[in-house]
Amino acid sequence: MIPKLVTFDCAGTMVAVPKGWSMGWFAAEAAKSAGVNLPAGAAEAYQSLYNARLREFVAVNMSRNAELQVEFWRKLATDWFSQLDLPTEFLDPMLAEADVLGFGPDSILFKMFDDVIPCLDKLDSMGIPAAVISNWDYSLPRVLRIFGIEHRFITITASLVEGVEKPDRRLFDLTLARAGFNAAETVHVGDDWVDDVDGAQGAGLKPIFLDRSRTQSDSKSICTLADLTEAFDWID
């Protein structure tokens, strides 16, 4: 089967993220980079504050309001500084460092896999457009922009912005509607069996499971995106 559209998951499929990372860890790294001397338990304190505001964060995502998104993180950091009695003059430098460490060219959070661009180039040569469907927050387009690939997708769907997560078929349906393709003519690629394989199948897409822990691709899964187009032949 040669698909008319290929949709990709992001984390673990196109972009690597550190194992076991947390918002608290990242905030602590940004604060230390800004010169803040943090007390013991600072990362855990930030994580607790963030966890308590998850519902608010979802609402901020769904608002699609950039000012509210910026304000959410500023208020969170402000309350963290207040709770730990940290010097307020370090607040703005900490937020600036967080922006660089998260979305700068040397991001400590995101690294693109080497096989992504060659895979997208191959799809382009075959005339097959691509899209993204990921359980992610509003920063998804910006993350793809770090690596210069945001423009290579006809639509980018982030779960927190839409208020529904994979494997719920509504996220797939929404993406297909925006892209203008049918499920039966679409292949979805991802590294999570439930979210990407079961989810895609439930929405009528043809799934291809990416298992980067393997050393060889076969009809059950691929170990690299370099084998994606070959895997089209394995799909009914």
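Residues numbered from 1 in each chain as written. Predicted model: local features only at pLDDT ≥ 70, side-chain atom pairs only at ≥ 80, totals over all residues. Heavy atoms only, no water.

1. Some remarks on the layout of surface pockets
Reasoning step 1: In this structure, the largest pocket encloses a volume near 1100 Å³.
Reasoning step 2: Looking at the lining of the largest pocket, its residues break down into 23 nonpolar, eight polar and 12 charged.
Reasoning step 3: Put simply, the second largest pocket is a space of about 320 Å³.
Reasoning step 4: Together, 16 residues line the second largest pocket, and Pro207, Ile208, Ser219, Lys220 and Ile235 are the ones closest to its centre.
Reasoning step 5: Secondary-structure elements contributing two or more residues to the lining of the second largest pocket are α10 (193-202) and β7 (206-209).
Reasoning step 6: For the lining of the second largest pocket, the element with the most residues is β7, which contributes four residues. (1 Å grid on protein atoms, 1.4 Å probe; cavity = no way out; pocket = protein on both sides within 12 Å on 5 of 7 lines; lining within 4 Å. Points joined across faces, edges and corners; volume = space filled by probe spheres on them. Nonpolar A, V, L, I, M, F, W, Y, C, P; charged D, E, K, R; others polar. Helix = DSSP H or I, 4+ residues; strand = E, 2+ residues; numbered from the N terminus.)

2. A few points about the pattern of salt bridges
Reasoning step 1: Inspection of the entire model under this criterion finds 17 salt bridges.
Reasoning step 2: Two residues, Lys4 and Glu185, come together in a salt bridge whose shortest N-O distance is 3.7 Å. Note that Lys4 is positioned in the segment before β1 (5-8) and Glu185 in the loop between α9 (169-179) and β6 (186-190), a separation of 181 residues in sequence.
Reasoning step 3: Overall, Glu185 belongs to the buried group, its relative accessible area being 18%.
Reasoning step 4: For Asp115, the salt bridge identified is with Arg212, shortest N-O distance 2.9 Å. Of the two residues, Asp115 sits in the loop between β3 (111-112) and α6 (116-125) while Arg212 sits in the loop between β7 and α11 (228-231), which places them 97 residues apart along the sequence.
Reasoning step 5: The class for Arg212 is partly exposed, based on a relative accessible area of 27%. (Salt bridge = Lys/Arg side-chain N within 4 Å of Asp/Glu carboxyl O. Buried < 20%, exposed > 50% of the residue type's maximum accessible area, 1.4 Å probe, protein only.)

3. A short note on α6
Helical periodicity: at 3.6 residues per turn, an α-helix aligns residues three or four positions apart in one direction.
Reasoning step 1: Residues of α6 that are buried include every one of Val116, Cys119, Leu120 and Leu123, and no others. All buried residues of α6 project into a common sector of 95° when viewed along the axis, lining one side.
Reasoning step 2: Along its buried surface, α6 packs onto β1, β3, β4 (130-134) and α11.
Reasoning step 3: Looking one or two residues past α6, Gly127 carries a phi angle of roughly 75°, positive in sign. (Arc of directions from axis to C-beta. Contact = heavy atoms within 4.5 Å.)

4. Brief notes about the pairing of β6
Reasoning step 1: Across the five residues that make up β6, a large majority, five, are buried.
Reasoning step 2: Bridging between β1 and β6 involves four bridges; their strand directions are parallel. Bridged to Thr7 within β6 is His188.
Reasoning step 3: Note: β6 against β7, four bridges, orientation parallel. Looking at β7, one finds that Gly190 is bridged to Phe209. (Pairing = 2+ DSSP bridges.)

5. With respect to the pairing of β4
Reasoning step 1: Burial of β4 is extensive: five of the five residues sit out of reach of the surface.
Reasoning step 2: Neither face of β4 is exposed, since Ala130, Val132 and Ser134 on one face and Ala131 and Ile133 on the opposite face are all buried.
Reasoning step 3: Bridge analysis of β1 against β4 gives three bridges, and the strand direction is parallel. Counted as the bridge partner of Val6 is Ala130 from β4.
Reasoning step 4: As paired strands, β4 and strand β5 (residues 156-158) are joined by three bridges and run parallel to one another. Considered in β5, the bridge of Val132 is made with Ile156.
Reasoning step 5: What joins β4 to β5 is helix α7 (residues 140-146), and the crossover it makes is right-handed. (Right-handed = clockwise from strand over helix to strand, strands pointing away.)

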